[in-house]
Amino acid sequence: MHILALANQKGGCGKTTAAINLAAALAAHGERVLLVDLDPQGHATLGLGHDPAATSARLDTVLLGHEPAAALLLEAPGSFTLLAGGPCLAEFEARAEQGIDASAALARALAPLAERYDWCVLDCPPRADGVLTLNALRACDTVLLVVETGAFALQGALRAREIFRAALESLGRSAANAPRLRVLATLFDRRTRFAREVLVAMHARFGADLFDTAIRSHVRLREAAAWGLPVRELDASCPAAEDFDHLAAELLERAPGAARAVLTPRRRRRRGAVVPRVDKP
Ligand SMILES: Nc1ncnc2c1ncn2[C@@H]1O[C@H](COP(=O)(O)OP(=O)(O)OP(=O)(O)O)[C@@H](O)[C@H]1O
Ligand SMILES: [Mg+2]
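Attention here is on the structure that accompanies the text. Every residue gets a number counted from 1 within its own chain, in the order that chain's sequence is written. Lettering for chains starts from A, numbering for ligands starts from 1, and both go in the order in which the items are written. Reporting of local features is limited, given that this is a predicted model, to residues whose pLDDT is at least 70; pairs of side-chain atoms are given and counted only at 80 or more, and all residues count toward the totals for whole chains, interfaces and linings. Side-chain descriptors were evaluated using all non-hydrogen atoms of the structure, hydrogens and water having been removed beforehand.

Comments concerning helix α7 (residues 153–170)
Taking 1.5 Å per residue, 18 residues should reach 26 Å; α7 reaches 25 Å between its end C-alpha atoms and fits that length. A 1.4 Å probe rolled over the protein chains alone gives each residue an accessible area, and that area as a share of the maximum for its type sets the label: buried under 20%, exposed over 50%, partly exposed in between. Helix numbering and strand numbering both begin at the N terminus, where a helix is a DSSP run of H or I of at least 4 residues and a strand a DSSP run of E of at least 2. The complete set of buried residues in α7 reads Ala153, Ala157, Ala160, Arg161, Phe164, Ala167 and Leu168. What you see down the axis of α7 is that its buried residues fit within an arc of 130 degrees, all on one side. Residues of α7 that are exposed and point over 90 degrees away from its buried face: Glu162, Glu169 and Ser170. Looking one or two places after α7, you find Gly172, whose phi comes out positive at around 75 degrees. Take the number of residues in a helix, subtract one, and multiply by 1.5 Å to get its expected span. Directions from the helix axis toward the C-beta atoms define the arc.

Below is the structure:
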């Protein structure tokens, strides 16, 4: 099971939107996917039509080791599985503050599910240092930094990488056992020259650590969240669904042991992916 932590200390940059829609896109590629909502806001849970305040599926009880994760799995629209989060996670944060060593709780809870899923997508809260994000950083094999392609995007991405590297180091995950840090550009408006230039600068700085696929700004993503659906369930042919499809394909090509050929940016572009031309700023 590949474990991806979608993270950024900055709020509102598209982490939850990416988590939901990437999970759905991987599932549409035939992968077995689990999405874990690690945010007390419970937006991924809400965005998949479930109630984050429900008392029946409390992720805190799983993290505290009182219940196996398998007992709380919910079906998400789009043929994948959800481990719901929400306000109950504040309880876990409070218990952790009282001194229990809690940063390995998620890794422990997920271990029995490793054969059941191909991918686990972790939607993190907007911070790098809280116990919930630290759990994600301990459990994951890839940190996917979600970066809004606006003003200061490059500086923001570099800062986020620094902050998350330090957080990983605090967990002793800085050398051979460090997860890979990759950057996903989102909220991209390709009609503006400015956004295109930002993306080119990010490509120049991050190289292969930046996903070729950028997620465009699209109103359908907001509408889908309001309906409690991944965007492909609302409108499978819209550009937003296409972008997540390309992102999933990119992940599948590059996953360890993947059988698929890695496409060049040019071939990716021909298939409709939003990939900037780095040689022409
Ligand atoms: N590519 C996009 N196009 C249009 N709207 C988007 C896109 N990505 C995210 N949004 C919208 O931006 C807002 C913030 O997105 P989202 O909740 O995914 O961010 P977040 O990083 O998870 O926020 P938080 O830090 O609070 O958890 C939401 O209203 C969402 O619908
Ligand atoms: Mg979120």
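Back to the text.
Notes on the pattern of salt bridges
For this analysis, a salt bridge means a side-chain nitrogen from Lys or Arg found within 4 Å of a carboxyl oxygen belonging to Asp or Glu. Per the stated rule, a full pass over the model turns up 12 salt bridges. Linking Asp129 and Arg127 is a salt bridge whose minimum nitrogen-to-oxygen distance equals 3.2 Å. Owing to a relative accessible area of 53%, Asp129 belongs among the exposed residues under this scheme. Given the relative accessible area of 37%, Arg127 is considered partly exposed. Note that Asp243 is salt-bridged to Arg216, the shortest N-O span being 2.7 Å. One end of the pair, Asp243, is in helix α11 (residues 239–254); the other, Arg216, is in the loop between α8 (193–206) and α9 (219–227), and 27 residues separate them in sequence. The class of Asp243 is buried, set by a relative accessible area of 0%. Among the residues examined, Arg216 registers a relative accessible area of 12% and is labelled buried. The structure contains a network of salt bridges with shared partners spanning Arg216, Glu242 and Asp243.

Regarding the site of ligand 1
A molecule or strand has a residue near it when one of that residue's heavy atoms lies within 4 Å. Residues in contact with ligand 1 amount to 18 residues; listed here are only the nearest, Lys15, Thr16, Thr17, Arg216 and His218. A distance of 3.0 Å separates an oxygen atom of ligand 1 from a polar atom in the backbone of Cys13. Any N or O atom pair separated by 3.5 Å or less is treated as a polar contact, with the protein-specific requirement of one donor-capable and one acceptor-capable atom, and with residues adjacent in sequence counted only for side-chain atom pairs. Gly14 places a polar main-chain atom, nitrogen or oxygen, 3.0 Å from an oxygen atom of ligand 1. Protein coverage of the free-state accessible area of ligand 1, which is 630 Å², stands at 84%. Listed by contribution, the elements that provide at least two residues to the shell around ligand 1 are α1 (15–28) and α9. A total of three residues in the shell around ligand 1 trace back to one element, the largest contributor, which is α1. Grouping the constituent residues of the shell around ligand 1 by class yields five nonpolar, nine polar and four charged. The Shrake-Rupley method, run with a 1.4 Å probe, gives the accessible areas here. Residue values count only the displayed protein chains as cover. In this classification, the charged set is Asp, Glu, Lys and Arg, the nonpolar set is Ala, Val, Leu, Ile, Met, Phe, Trp, Tyr, Cys and Pro, and all remaining amino acids, among them Gly, are polar.

Some points on the sheet that holds strand β2 (residues 33–37)
For two strands to be treated as a pair, DSSP must find no fewer than two bridges joining them. Taken in spatial order, the seven strands make up an open sheet running β3-β4-β2-β5-β1-β6-β7, and their pairing is mixed. Pairing within the sheet leaves two strands with one partner each, and these edge strands are β3 (74–76) and β7 (180–186). Across the sheet, the axes of successive neighbouring strands diverge by a mean angle of 30 degrees, strand direction being ignored. Packed on one face of the sheet, α7 meets β1 (2–7), β6 (142–148) and β7 and runs near 155 degrees to β6. In this analysis, axes come from line fits to C-alpha atoms, helices being fitted only over the stretch in contact, and the angle between any two N-to-C directions falls in the range 0 to 180 degrees. Residues count as neighbours in contact if any of their non-hydrogen atoms are within 4.5 Å of one another.

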